[in-house]
Amino acid sequence: LFKDFGKECYWLNIAMIVATLAEVISIVLLTIAGAFLREGTGIIDVVQSILYLNIFLGLCLLGFKMLGVLFWWYPQLKVVLMPWEDKNEKDIRFCMAIFILIIVAMVITKLEIVLGSFIAGSFIATFFDHKKDLEHKLSTFGHGFLIPIFFIHIGSTFDLKMILDYKIVLQAFLLMFVMVGLRILCASVFLKRIGFKNMILFGLSHSMPLTLLIATATLGYSGKVIDEKLYSALILTALFEAIIVMSMIKFLSNSKK
């Protein structure tokens, strides 16, 4: 959305702040839920997972504070790690190293990998903002390599026959309308500040939780909390939201106020 509206867009900046807070809370809740739903998990394992989560978040907070002080005293370290002119793609390799290290930590502690990915991204955005082209590089790498792998994995778990079941498709559309409606309703608290049209855009911008919704559906399905039909409906809901809501945002943004 920043590509379409720019980083100076007021309502979008507010939406990003709210979305970031919501995503952090959602990831933490998913981590706790995953500990409960993991097969063969007892109360001790759940307590252990929550303890690991608190320790991990505490270490991340401490690490951010220490690195903030370190880079404040020695700002040249940023350039050493990520040079201004980099012909060897050192910045990408450094980002991947951080990503892999945190993912390994997530696997060892049995925490949600999504949480580790979020922390890694926050670390890079916080301390290496001097690399203006890094976001574009990571976006190109992610959209060209990582995201296709993600969808291949999701596609391998989705039975295409479910699309022919009108009840599942109807359920997916119903879930989509409810989710979009609730987000627009919640966005009404910003009505006086950003106006009616931007309020609608604000609500719609939060109505595309593609990866988070799929992660939630996968967690529920693997934990045998939901059946295959509801899992398929949630996957379709995520896809419908990504396609329809994005089209609605572009239509509204191009319409007259």
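Basis of the calculations
- Residues numbered from 1 in each chain as written.
- Predicted model: local features only at pLDDT ≥ 70, side-chain atom pairs only at ≥ 80, totals over all residues.
- Heavy atoms only, no water.
- Core = buried A, V, L, I, M, F, W, Y, C linked by side-chain atoms within 4.5 Å.
- Buried < 20%, exposed > 50% of the residue type's maximum accessible area, 1.4 Å probe, protein only.
- Helix = DSSP H or I, 4+ residues; strand = E, 2+ residues; numbered from the N terminus.
- 1 Å grid on protein atoms, 1.4 Å probe; cavity = no way out; pocket = protein on both sides within 12 Å on 5 of 7 lines; lining within 4 Å.
- Points joined across faces, edges and corners; volume = space filled by probe spheres on them.
- Nonpolar A, V, L, I, M, F, W, Y, C, P; charged D, E, K, R; others polar.
- UniProt positions renumbered as here; feature names shortened; annotations may be inferred.
- Polar contact = N/O pair within 3.5 Å; in protein donor to acceptor, adjacent residues only side chain to side chain.
- Contact = heavy atoms within 4.5 Å.
- pLDDT = per-residue confidence, 0-100.
- Axes fitted to C-alpha atoms, helices over the stretch in contact; angles between N-to-C directions.
- Parallel < 35°, antiparallel > 145°, perpendicular 65-115°, else oblique.
- Left-handed = near helix turned anticlockwise from the far one by under 90°.
- Phe/Tyr/Trp six-rings, centres within 6.5 Å; stacked < 30°, edge-to-face > 60°.

### Concerning the nonpolar core
Then comes step 1: Judged by nonpolar contacts, the single largest core of 36 residues is most densely connected at W11, I194, F202, I235 and L236.
Then comes step 2: Elements with a minimum of two residues in this core: α2 (10-37), α8 (166-187), α10 (196-205), α11 (210-222) and α12 (228-254).
Then comes step 3: Ranked by residue count, the leading element in this core is α12, at nine residues.
Then comes step 4: One finds I92, F123, I124 and F128 within the second-largest nonpolar core, a separate group that totals 21 residues.

### Observations concerning the layout of surface pockets
Then comes step 1: There is about 310 Å³ of room inside the second largest pocket.
Then comes step 2: Lining of the second largest pocket is provided by F56, L59, C60, G63, F64, L67, I98, L101, I102, A105, I119 and F123.
Then comes step 3: Looking at the lining of the second largest pocket, the elements that each hand over two or more residues are α3 (43-73), α5 (90-109) and α6 (113-127).
Then comes step 4: In terms of residues, the lining of the second largest pocket owes the most to one element, α3, which gives six residues.
Then comes step 5: Of the residues assigned to the lining of the second largest pocket, the class counts are 11 nonpolar, one polar and no charged.

### A few points about the UniProt feature "transmembrane region" (unreviewed entry) in the protein
Then comes step 1: The feature "transmembrane region" (unreviewed entry), as given by UniProt, occupies residues 12-37, 49-74, 94-126, 138-156, 168-191, 198-219 and 231-252 in the numbering adopted here.
Then comes step 2: Helix makes up 96% of residues 49-74 and strand 0%. Its end C-alpha atoms lie 36 Å apart.
Then comes step 3: Within residues 198-219, the helical portion is 82% and the strand portion 0%, while the C-alpha atoms at the span's ends are 34 Å from each other.

### Points about the side chain of T237
Then comes step 1: Take T237: it is sitting in helix α12.
Then comes step 2: Residue T237 is classed as buried on the basis of its relative accessible area, which comes to 0%.
Then comes step 3: There is a polar contact of 2.6 Å between the side chain of T237 and the backbone oxygen of A233.
Then comes step 4: The contacts of T237, once residues within four sequence positions are left out, are A172, L175, M176, M179 and L213.

### So, the confidence of the model for the protein
Low pLDDT means the predicted atomic positions in that stretch should not be read closely.
Then comes step 1: On average, the protein scores 78 in pLDDT, and the residues at 70 or more come to 88%.
Then comes step 2: Between the elements of the protein, mean pLDDT differs from a low of 66, seen in helix α1 (residues 2-5), to a high of 89, seen in α8.

### Structural notes on the packing of α8 against α12
Then comes step 1: At their nearest, the axes of α8 and α12 sit 8 Å apart, and the two run at 55° to each other. Judged on the interaxial angle alone, α12 and α8 are oblique. Considering only the axes of α8 and α12, their crossing is right-handed. Contact residues: α8 offers I168, V169, Q171, A172, F173, L175, M176, M179 and V180, while α12 offers K229, L230, S232, A233, L234, L236, T237, F240, E241, I244 and V245.
Then comes step 2: Partitioned by chemical class, the residues of the contact of α8 with α12 number 15 nonpolar, three polar and two charged.

### As for the packing of aromatic side chains
Then comes step 1: Taken as a whole and assessed by the stated rule, the structure comprises five aromatic pairs.
Then comes step 2: One aromatic cluster in this structure is built from F173, F177 and F240.

### Quick word on the packing of α8 against α10
Then comes step 1: In contact at an axis separation of 8 Å, α8 and α10 are set at 135° when each is read in the N-to-C sense. Classified by the interaxial angle, the pair formed by α8 and α10 is oblique. Here α8 runs over α10; the crossing is right-handed. From α8, V180, R183, I184 and A187 reach across to α10, where they touch M199, I200, F202, G203 and L204.

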